[in-house]
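So the chains spell out like this:
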Amino acid sequence: MQRLIDRLRRERTLPPADLRLLLEACHDDATTLSYLNAQAREVAQAHFGRGIFIRGLIEVSNCCRNNCYYCGIRKGNTHVERYRLSTEQVLGCCRQGYALGFRTFVMQGGEDPAQTDDWVERTVAAIRREYPDCAITLSLGEKSREAYERFFRAGANRYLLRHETHDATHYAQLHPAGMTISHRLQCQRQLKEIGYQTGTGIMVGSPGQTLDHILEDIFYIEELQPEMIGIGPFLPHHDTPFASCPPGTVEQTVALLSIFRLMHPAALIPSTTALATLAPDGRERGILAGANVVMPNLSPVEDRKKYELYNNKAALGAESAEGLSALRRQLQAIGYDISFARGDFKM
Ligand code: SAH
């Protein structure tokens, strides 16, 4: 297995059959997994040193017109107390974040029809005016090409839109009729064409996911060459159709983080909140597997628990912007530190 991993590092790809062997080996062989993680860590350090980029996550709305089976803020969940932030509130989050040292703001939310394209455009423009030195990332789901263009012209630089799974049948197991993988992929192509640094990714261990699906995702991502790759475990939410489905595992998540790092040395890869929620040392294990970004929560404290995508989503302590010193201590304990740089994608 070590030879396969060395080859993956050298050639930045492997034939599907070898990748399958590697993923299977990681499943029940801790030595293989830790060797894979160590190789990926070296590649990340060669590219980024020991600085971990921070992005301030602003959850702009938990209202959503979609009904994704995995997601806690799906339209069909009547137990959610809904909120949406105003432009002023978003700017307030940015101000707080800027003072703490954040130079990237991520606006993430449900697909909220009341936060119209005009609203997003105006809000992006307002952030751009006040913070010309910051990167603005959007994660607002599927929009029209025209909307993506308007947001880009208003000053947005990056867009996160995970494809979730490349397999059409599996996609249909995770999403209701009306949502299709072909539309999702079309959105990603448009984002790239417009000039966004584009992020994709998957949930690890989502219901119905097989090793074949994961291999297909790996090769799709190899073809797309995204600037950002978001990989986190699926975690159930009690008020969704997947309430009783088992979560993804830390081991499979960190194996995939490392494989993506070896295949995409320059990519921006977060150690996700979902991984930190799944295990107390999840964030650290993600970084030690080659991740180089963390996204602390900058949302207004009173709304944070309402943006519950899955059970027990971490939003306080080192997951929060106020907890930056705790985060810094955690990182320093494993030999890393926060980087306050804007952290754009660079080959
Ligand atoms: N509405 C936006 C933002 C969604 S939240 C969009 O659809 O792109 C961002 C990511 O959270 C999603 O892409 C999904 O992969 C992840 N997510 C949602 N529910 C989850 C769950 N139950 N477990 C783990 N990750 C989840």
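In case you missed it, the structure is sitting above this.
These figures come from a predicted structure and were not determined experimentally. (Residues numbered from 1 in each chain as written. Predicted model: local features only at pLDDT ≥ 70, side-chain atom pairs only at ≥ 80, totals over all residues. Heavy atoms only, no water.)

*Asks:* Looking at this structure, how should I read the overall build of the protein?
*Replies:* When helices and strands are tallied, the protein shows 14 helices and nine strands. A compact globule built from 347 residues should have a C-alpha radius of gyration of about 20 Å, and the protein, at 19 Å, falls within 12% of that. Dimensions of the protein, computed from the C-alpha atoms along their principal axes, are close to 55 × 45 × 35 Å. Put simply, the protein has 347 residues, and 60% of those count as buried. Within the protein, contacts between residues at least 6 apart in sequence are counted, and of these 74% link residues at least 24 apart. For the protein, the accessible area works out to roughly 13,500 Å², and carbon and sulfur atoms hold 52% of it. (Helix = DSSP H or I, 4+ residues; strand = E, 2+ residues; numbered from the N terminus. Rg over C-alpha atoms; globule rule 2.2 N^0.38 Å. Buried < 20%, exposed > 50% of the residue type's maximum accessible area, 1.4 Å probe, protein only. Contact = heavy atoms within 4.5 Å. Areas by Shrake-Rupley, 256 points an atom, 1.4 Å probe, with all protein chains shown as cover.)

*Asks:* Mind showing me how you'd approach the site of the ligand here?
*Replies:* Inspection of the region around the ligand gives 17 residues, with Y70, G109, R162, E164 and L235 positioned closest. Between the ligand and the protein, one listed contact pairs a nitrogen atom with a backbone N or O atom of Y70 at 2.9 Å. Within the side chain of E164, a nitrogen or oxygen atom sits 2.5 Å from an oxygen atom of the ligand. A breakdown of the residues in the shell around the ligand according to their chemical character gives 10 nonpolar, five polar and two charged. (Near = heavy atom within 4 Å. Polar contact = N/O pair within 3.5 Å; in protein donor to acceptor, adjacent residues only side chain to side chain. Nonpolar A, V, L, I, M, F, W, Y, C, P; charged D, E, K, R; others polar.)

*Asks:* Explanation requested: the pattern of salt bridges in the structure shown.
*Replies:* Pairing between side chains of opposite charge can happen when the charged atoms of each approach one another. Within this structure, the stated rule accounts for 26 salt bridges. For K192, the salt bridge identified is with E227, shortest N-O distance 3.8 Å. Placement of K192 in helix α8 (residues 181–194) and of E227 in the loop between α9 (211–224) and β7 (228–233) is noted, with a sequence separation of 35 residues between them. Taking relative accessible area as the criterion, K192 reaches 28% and is therefore assigned partly exposed. Since its relative accessible area comes to 14%, E227 is described here as buried. Each of R7, E11 and D18 takes part in a single network of salt bridges with overlapping partners. (Salt bridge = Lys/Arg side-chain N within 4 Å of Asp/Glu carboxyl O.)

*Asks:* Looking at this structure, how should I read the pairing of strand β4 (residues 135–139)?
*Replies:* Side-chain direction in a regular strand flips from residue to residue, so the side chains alternate between the two faces of the sheet. Burial analysis of β4 places five of its five residues in the buried class, which makes it a mostly covered element. Side-chain alternation along β4 places A135, T137 and S139 on one buried face and I136 and L138 on a second face that is also buried. For strand β3 (residues 104–109) and β4, the ladder comprises five bridges, and the chain directions are parallel. Counterpart to M107 in the pairing with β4 is L138. Sheet topology places β4 next to strand β5 (residues 158–160); two bridges connect them, and they run parallel. (Pairing = 2+ DSSP bridges.)

*Asks:* I tried to follow the pairing of β7 on my own but got confused; where do I start?
*Replies:* For β7, the tally of buried residues reaches six of six residues, placing the bulk of the element in the interior. Burial along β7 is two-sided: M228, G230 and G232 and I229, I231 and P233, pointing in opposite directions, are all buried. Handedness of the crossover joining strand β6 (residues 197–204) and β7 through α9 is recorded here as right-handed. (Right-handed = clockwise from strand over helix to strand, strands pointing away.)

*Asks:* How do you make sense of the sheet that holds strand β1 (residues 51–54) when you look at a structure like this?
*Replies:* In any sheet, the strands associate via hydrogen bonds between backbone groups, in a parallel or an antiparallel arrangement. Overall, parallel pairing links the three strands, which are arranged β8-β1-β9 in an open sheet. Only two strands of the sheet have a single neighbouring strand rather than two, namely β8 (293–294) and β9 (337–339). Of the pairings in the sheet, the one linking β1 to β8 comprises two bridges and is parallel in character. What sits directly across from F53, in β8, is V293. Strand contacts of helix α14 (residues 324–333): β1, β8 and β9, with the helix running at about 120° to β9, the strand carrying the most contacts. (Axes fitted to C-alpha atoms, helices over the stretch in contact; angles between N-to-C directions.)

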